[in-house]
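# Residue-level structure breakdown
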Amino acid sequence: MSVRIVRLGTPRHPREGLRVGTVRRPPRGVPKTRFARDDWYDVWFPNLAPSLETMKQGLAARTAGEWTGFRRKYLAEMSRPDAKHDLALLAALSHVADFSVGCYCEDESRCHRSLLRQLLIENGAKVE
């Protein structure tokens, strides 16, 4: 049992389990009925996505300093009580079920999912 960190819209791993979209918006131009079938996500969970303002800051980050600003802001959002509860829940679930969380970004190192990976590990998640 574990949680995988994935890029939404990519083929699923055989033991991936439920795919959770930790994104601010659903995929553009994709009918809701195709979200799971086309490997986007099974459940939309924007609770762990950056706020709209923070997401825009991350997408615009070109320098290390700009990325650090995004990182600081996203981690501050994830330090709120509701986000902490969500992270604790996913960390606990990773010990009893296979599932994945993800985002659309091509480069994980410049995506909130790299930070989400770190936060899940810090919360005791079993991450593959």
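Residues numbered from 1 in each chain as written. Predicted model: local features only at pLDDT ≥ 70, side-chain atom pairs only at ≥ 80, totals over all residues. Heavy atoms only, no water.

### Some points on the pairing of strand β2 (residues 18-21)
One ladder, built from four bridges, connects β2 with strand β4 (residues 99-103); its direction is parallel. In the sheet register, Gly21 faces β4, and the bridge partner there is Gly102. For β2 and strand β3 (residues 43-44), the ladder comprises two bridges, and the chain directions are parallel. Directly across from Gly21, in β3, lies its bridge partner Trp44. (Pairing = 2+ DSSP bridges. Helix = DSSP H or I, 4+ residues; strand = E, 2+ residues; numbered from the N terminus.)

### A word on the packing of aromatic side chains
With the rule as written, the count across this model stands at four aromatic pairs. Measuring from centroid to centroid gives 5.2 Å for Phe35 and Tyr41, while their planes differ by 55°, and the two rings are tilted. Judged by its relative accessible area of 11%, Phe35 is buried. Tyr41 sits in the buried class, given a relative accessible area of 3%. Aromatic pair Phe70 and Tyr74: ring centres 6.1 Å apart, planes at 10°, arrangement stacked. (Phe/Tyr/Trp six-rings, centres within 6.5 Å; stacked < 30°, edge-to-face > 60°. Buried < 20%, exposed > 50% of the residue type's maximum accessible area, 1.4 Å probe, protein only.)

### Description of the pattern of salt bridges
Under the counting rule described, the total for this entry stands at nine salt bridges. The shortest N-O distance in the salt bridge between Glu128 and Arg15 comes to 3.6 Å. With Glu128 in the segment after α4 (112-122) and Arg15 in the loop between β1 (3-7) and β2, this pair connects stretches of sequence that are 113 residues apart. Residue classification places Glu128 among the partly exposed positions, given a relative accessible area of 41%. One salt bridge connects Glu53 with Lys73, and the closest N-O pair in it is separated by 2.4 Å. In this pair, Glu53 is assigned in helix α1 (residues 52-60) and Lys73 in helix α2 (residues 64-77), connecting sequence segments 20 residues apart. Given a relative accessible area of 55%, Glu53 falls into the exposed group. (Salt bridge = Lys/Arg side-chain N within 4 Å of Asp/Glu carboxyl O.)

### Topic: the environment of Gly124
Locating Gly124 in the fold gives a position in the segment after α4. Look at Gly124 and you get partly exposed, because its relative accessible area is 38%. Distance in space between the C-alpha atoms of Gly124 and Glu108 is 21 Å, their sequence separation being 16 residues. Setting aside residues up to four positions removed in sequence, Gly124 forms contacts with Ala91 and His95. (Contact = heavy atoms within 4.5 Å.)

### Topic: the pairing of β4
Within β4, five of the five residues are buried, which leaves it mostly tucked inside the rest of the structure. Burial along β4 is two-sided: the face carrying Phe99, Val101 and Cys103 and the face carrying Ser100 and Gly102 are both buried. With five bridges joining them, β1 and β4 adopt parallel strand pairing. Bridging across to β4, Ile5 finds its partner in Val101.

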